[in-house]
Amino acid sequence: MRDFTVRPEIRDFAPYVPGLTIEQIQEKYGLDTVIKLASNENPLGTSPVVQKTIAAHAARAFRYPQNHSPRLVKAIARTAGVAEESILVGNGSDEIIDMLFRMKGIPGQSNVVCYGNSFAMYRMCAKLTGLEYREVPRGDDFELPLAAMAEAADENTAMVIVTSPDNPTGLTATVDDLSVLAGVLPKDCLLVVDEAYIEFAWPPESYSPVQAFDRFENMVVLRTFSKAYGLAGLRVGYGILPPSLAAVMQNARIPFTVNLLAEEAALAALDDEVFFHETLQLVLRGREYFTKELTRLGCKVWPSQSNFVMFEPVKPAQAVFKALLGKGIIVRPLASFGMGKCIRVNVGTDAENTTFITVLEDILHG
Ligand SMILES: *Cc1c(COP(=O)(O)O)cnc(C)c1O
């Protein structure tokens, strides 16, 4: 077999490892029903209104979509309360992250500052694009080390990235924290706030800097339809950027990455306030229930502003994960985040949440 030359960066690449699907688990363990609480997906599934919209537009699939999804840009700008010129829509917010690394960083020169135990995409993108990945360690309880991130940034720092609410801890920076950080960064450095879970932070005005986006000159905010809007499989996300940066990035991007059905679905999802509020109610209720019950079971629980909760069980996390799998419940063990003692569980339906706690109680104390 021939060995082809590729960029040296990708020779020893560790691939992104997604969790097993429900079908894979059913087959492996011979189970009829499986409860998946591992990928932070919407517990209510896909909104019925969105499903109808997708069906109604299916016949248009032979057409190219409008490049840059201008209708969706307009709707997002209105919902988020920012200028249309600030919005870039992408194939998941993952695409916007990828674009930022390729277009803001200069290979071999720039660095990116992130904190430890964070979302794997950032490190992957840095490696692929030849940017130095500067990882700032967290405190003993995984607090977000914002002051140390500011210290780590220098004139070659392209971006400082903060996930808020954080995945996997659920910890969240306040608007004040982010204002302070944005204010002390070097002149050419962006503060990128990954708000994949921001819809679940309560009250929102305490946590999202987007309400005062015009006040920040160096901020980029990333959001997604994958979580609160229940469209993970369709791949739609967006960035809110300084308009001058959005304009140059738009010129250099690959065309048509947001497909026609995804755009229609996202437009319908933004309009579907009933589904959105049901999701929010369910998640806030489930998060409170998990926090209370996991504490009762003796676990250490992190305070979450997200649609999941991180906890450290009283027994080894990997064994607890396996035992739950055997009972048809998939959660996310966090060894791949460098947190081998912890597990992340996302809020499901009320019935799924109760089943999870009952089964876990049996595993830990039965
Ligand atoms: C889920 C998630 C995203 C969103 O990914 P999409 O590409 O929009 O599906 C981004 N950042 C973090 C930290 C996430 O957990």
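Computed from a predicted structure; not experimentally measured.

The rules behind the values
Along each chain, numbering runs from 1 in the same order as the chain's sequence is written. Selection of residues for local features in this predicted model requires a pLDDT of at least 70, selection of side-chain atom pairs for listing and counting requires 80 or more, and totals for whole chains, interfaces and linings are taken over all residues. Side-chain numbers come from the whole structure's heavy atoms, not from hydrogens or water. Whether a residue is near a molecule or strand depends on its heavy atoms: if one lies within 4 Å, it is near. We call two N or O atoms a polar contact when they sit within 3.5 Å, provided that within protein one can donate a hydrogen and the other can accept it, with sequence-adjacent residues counted only if both atoms are side-chain atoms. Residue burial considers only the protein chains on display, and all accessible areas are found by Shrake-Rupley using a 1.4 Å probe. Note on residue categories: nonpolar means Ala, Val, Leu, Ile, Met, Phe, Trp, Tyr, Cys or Pro, charged means Asp, Glu, Lys or Arg, and polar means any other residue, Gly included. Two strands qualify as a pair provided DSSP detects at least 2 bridges between them. Secondary structure elements are taken from DSSP: a helix is a run of H or I of four residues or more, a strand is a run of E of two residues or more, and numbering for both begins at the N terminus. For every element, the axis is a line fit to its C-alpha atoms; helices are fit only across the contacting stretch, and the angle between N-to-C directions ranges from 0 to 180 degrees. Residue contacts follow a heavy-atom distance rule, with two residues in contact if any of their heavy atoms lie within 4.5 Å. Two helices cross in a left-handed way if the nearer one is turned anticlockwise from the farther one by less than a right angle. They cross in a right-handed way if the turn is clockwise. Here's how the labels work: a residue is buried when its accessible area is under 20% of the maximum for its type, exposed when over 50%, partly exposed in between, all with a 1.4 Å probe on protein chains only. The split of the chain into domains comes from an automatic or database domain assignment. Buried area: the sum, over both parts, of the accessible surface (1.4 Å probe) that disappears when the two are put together. For this document, the term salt bridge refers to a Lys or Arg side-chain nitrogen within 4 Å of an Asp or Glu carboxyl oxygen.

## A look at the site of the ligand
Within the structure, the ligand sits among 13 residues, and Tyr197, Thr224, Ser226, Lys227 and Arg235 are positioned closest to it. Within the backbone of Asp94, an N or O atom sits 3.0 Å from an oxygen atom of the ligand. Burial of the ligand by the protein amounts to 94% of the accessible area it has alone, namely 390 Å². When grouped by side-chain class, the residues that make up the shell around the ligand number 3 nonpolar, 6 polar and 4 charged.

## Some thoughts on the sheet that holds strand 2 (residues 87-90)
Judged by pairing direction, the sheet is mixed, and its 7 strands sit side by side in the order 2-8-7-6-5-3-4 without closing on themselves. Strand pairing shows two members of the sheet lacking a second neighbour, strand 2 and strand 4 (132-136), which therefore form its edges. Recorded for the sheet is a direction-independent mean angle of 20° between the axes of neighbouring strands. Looking at chain direction, strand 7 (residues 219-224) and strand 8 (residues 237-240) are connected through 4 bridges and run antiparallel. Residue pairing for strand 8: Thr224 is matched across the bridge by Gly237. Packing of helix 3 (residues 70-80) onto the sheet brings it into contact with strand 2, strand 7 and strand 8, and relative to strand 2 it is tilted by some 120°.

## Observations regarding the packing of helix 2 (residues 48-57) against helix 10 (residues 260-271)
Taken N-terminus to C-terminus, the directions of helix 2 and helix 10 make an angle of 145°; their axes are 9 Å apart at the nearest point. Both helix 2 and helix 10 take part in a crossing whose hand is right-handed. Between helix 2, through Val50, Thr53, Ile54 and His57, and helix 10, the contact on the second element is made entirely by Leu260, Leu261, Glu264, Ala265, Ala268 and Ala269. A per-class count over the contact of helix 2 with helix 10 returns 7 nonpolar, 2 polar and 1 charged.

## Re the side chain of Gln305
Mapped onto the fold, Gln305 is located in the loop between strand 9 (300-301) and strand 10 (308-312). For Gln305, a relative accessible area of 16% puts it in the buried group.

## A closer look at the domain arrangement of the protein
According to the domain assignment, the protein contains domain 1 (8-46 + 274-365) and domain 2 (49-272). For domain 1 versus domain 2, the distance between C-alpha centres works out to 24 Å. In this assembly, 33 residues from domain 1 lie in contact with 32 residues from domain 2. Between domain 1 and domain 2 the total buried area reaches about 2,900 Å² when both faces are included, carbon and sulfur atoms providing 64% of it. The tally of links between domain 1 and domain 2 comes to 2 salt bridges. One salt bridge connects Asp141 with Lys300, and the closest N-O pair in it is separated by 2.5 Å. Applying the counting rule to domain 1 against domain 2 returns 17 residue pairs in polar contact (both at pLDDT 80 or more). The set of elements that each furnish at least two residues to the side of domain 1 that touches domain 2 consists of helix 11 (273-296) and strand 10. For the side of domain 1 that touches domain 2, the element with the most residues is helix 11, which contributes 8 residues. Grouping the amino acids of the side of domain 1 that touches domain 2 by side-chain chemistry returns 17 nonpolar, 11 polar and 5 charged.

## With respect to the environment of Gly366
With respect to the secondary-structure elements, Gly366 resides in the segment after helix 13 (350-365). Here the alpha-carbon distance between Gly366 and Tyr64, two residues 302 residues apart in the chain, equals 57 Å.

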